[in-house]
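The primary structure of each chain is shown beneath.
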Amino acid sequence: MKKKDTWGPLIHTLRKAVQKRTLPSVSRVAVEHPSPYRILVSTVISLRTKDEVTLKAAERLFTKAPDLQTLAGLTEKEILTLIYPAGFYKNKAKHLKQIARILIDQYDSRIPNDQAALLSLPGVGRKTANLVLNLGFGIPAICVDTHVHRVSNRIGWVATQTPEQTELALMKILPEKYWIEINELLVRFGQGVCTPVSPFCSRCPVYDNCRRAGVKKSR
DNA sequence: AAAACGGGGGC
DNA sequence: GCCCCAGTTTT
């Protein structure tokens, strides 16, 4: 006997609230060029960097380095120039070159489709690894960024301190079939409605459950 | 658990 | 000027 799934309607409600927002940068890359290589590279670039900057940096890099071999052939400085001014560009350039080298030497020039292998790469944490699994391979995983962490706690889905705790808590309460879409949905909701300091509470469909954590003023 | 990495854009 | 950005690594 199965309990009725109340998540479907709730997710549908949230989706309507963010309907008009454009996709995050990595999702746009995924839509236009659904290759694990592009997902991985654009996700590394997207770390703490605005969508538009990420998109331009990724496009520039992809024209010079459309695959792992050409990426490994670029110097760190060349990569750095291509992805500037994405934040942390020195670290990212170093990591991208290292990643290309490691994948060519140890993974048969392929992007691995398992979490442990992805996590072993420099500059790749849980959020990046899970996003590559989701968008690159269609494998269910919950990737928790600042938006997902903040929103999940505010609207009362979880009560957690760290992103990893949020990931585990969401895996417990959310049916696996929603794991992929919930990432992008909560990010877009966090960007467009449940923003960090002055959220648009007037547009929020789940206001009644909100803890209003960290909310200074609402709009 | 907290600091460091980091330039650009929004307000 | 201050805050924020689809976080990760180091201390």
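Summary of the structure given here. Note that the structure is a prediction, hence the values are computed from the model and not measured. (Residues numbered from 1 in each chain as written. Chains lettered and ligands numbered in written order. Predicted model: local features only at pLDDT ≥ 70, side-chain atom pairs only at ≥ 80, totals over all residues. Heavy atoms only, no water.)

## Details of helix α11 (residues 163–173)
Within α11, the full set of buried residues consists of T166, E167 and L170. Buried residues of α11, seen end-on, are gathered within an arc of 100° and therefore sit on one face of the element. On its buried face, α11 sits against α8 (115–119), α9 (126–137), α10 (146–154) and α12 (179–192). (Buried < 20%, exposed > 50% of the residue type's maximum accessible area, 1.4 Å probe, protein only. Helix = DSSP H or I, 4+ residues; strand = E, 2+ residues; numbered from the N terminus. Arc of directions from axis to C-beta. Contact = heavy atoms within 4.5 Å.)

## Notes on the protein's contact with DNA strand B
Taken together, R48, T49, K50, Y84, P85, G87, F88, Y89, K90 and N91 make up all the residues around DNA strand B. Per the 4 Å cut-off to the protein, sugar and phosphate atoms form 45% of the nearby atoms of DNA strand B. Backbone polar atom of G87 to a base nitrogen of DNA strand B: 3.1 Å apart, as the coordinates give it. The class makeup of the residues in the surface near DNA strand B is 4 nonpolar, 3 polar and 3 charged. (Near = heavy atom within 4 Å. Polar contact = N/O pair within 3.5 Å; in protein donor to acceptor, adjacent residues only side chain to side chain. Nonpolar A, V, L, I, M, F, W, Y, C, P; charged D, E, K, R; others polar.)

## Details of the environment of R219
With respect to the helices and strands, the residue R219 is situated in the segment after α12. C-alpha of R219 to C-alpha of P199: the two residues are 20 residues apart in sequence and 6.0 Å apart in space. Ignoring anything within four residues of it in the chain, the contact list for R219 reads T195, S198, P199, F200, C201 and S202. There is a polar contact of 2.7 Å between the side chain of R219 and the backbone oxygen of S198.

## Things to note about the packing of aromatic side chains
If you walk through the whole model with that rule in mind, you get 3 aromatic pairs. On the numbers, 4.9 Å between centres and 85° between planes, the contact of W7 with W157 is edge-to-face. With W7 in helix α1 (residues 7–17) and W157 in the loop between α10 and α11, the pair connects residues that are 150 residues apart, well separated along the chain. Residues W7 and W157 agree in their burial class; the two are buried. Aromatic pair Y84 and Y89: ring centres 5.0 Å apart, planes at 75°, arrangement edge-to-face. If you follow R38 out to its NZ or CZ, it ends over the ring of F62, 4.4 Å from the centre. Above the face of the F200 ring, R203 is positioned so that its terminal group lies 4.1 Å from the ring centre. (Phe/Tyr/Trp six-rings, centres within 6.5 Å; stacked < 30°, edge-to-face > 60°. Lys NZ or Arg CZ within 6 Å of the ring centre and 35° of its normal.)

## Description of the protein's contact with DNA strand C
Residues in close proximity to DNA strand C total 25 residues, the closest being P24, S27, G123, T128 and D145. The sugar-phosphate share of atoms of DNA strand C within 4 Å of the protein amounts to 61%. Between DNA strand C and R48, the relevant distance is 3.3 Å, taken from a base oxygen to a main-chain nitrogen or oxygen of the residue. With respect to DNA strand C, the backbone of G125 contributes an N or O atom lying 2.9 Å from a phosphate oxygen. By residue number, the principal contributor to the surface near DNA strand C is α9, which donates 4 residues.

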